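Structural features, examined
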Amino acid sequence: MEEHYIIEYLNCKKNFQKDSVQFQGPCAFEKAVAWGKENLENFNLDMIKVVSKNT
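In this report, the structure presented in the accompanying data block is examined. In this text, all values refer to a predicted model and were calculated from it rather than measured experimentally.

So, the pairing of strand β2 (residues 17-24)
By the bridge criterion, eight bridges tie strand β1 (residues 2-11) to β2 in an arrangement that is antiparallel. In the strand pairing of β2, I7 is matched with V21. The loop that links β1 with its antiparallel partner β2 comprises five residues; one of these, N15, has a positive phi angle of about 60 degrees.

See below:
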């Protein structure tokens, strides 16, 4: 079973429409946290959602 993470946010470049970024593989959670801190002004850990998929 592989887990991946999604951050959903309102993208100001797309007229504040809902957008998302997915992270998969080893260190996916750490990559999601790093991306959120770098790209989102109001980022907090609650914005990261866990999605599990059977492979």
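Quick word on the nonpolar core
If you look at the biggest cluster of nonpolar residues, it comprises twelve residues: Y5, I7, Y9, V21, F23, A28, A32, V33, L40, F43, M47 and I48. Listed by contribution, the elements that provide at least two residues to this core are β1, β2 and α1 (28-39). For V33, the contacting residues outside a window of four places in its chain are F43, L45 and I48.

Scoring rules and cut-offs
- Residues numbered from 1 in each chain as written.
- Predicted model: local features only at pLDDT ≥ 70, side-chain atom pairs only at ≥ 80, totals over all residues.
- Heavy atoms only, no water.
- Pairing = 2+ DSSP bridges.
- Helix = DSSP H or I, 4+ residues; strand = E, 2+ residues; numbered from the N terminus.
- Core = buried A, V, L, I, M, F, W, Y, C linked by side-chain atoms within 4.5 Å.
- Buried < 20%, exposed > 50% of the residue type's maximum accessible area, 1.4 Å probe, protein only.
- Contact = heavy atoms within 4.5 Å.

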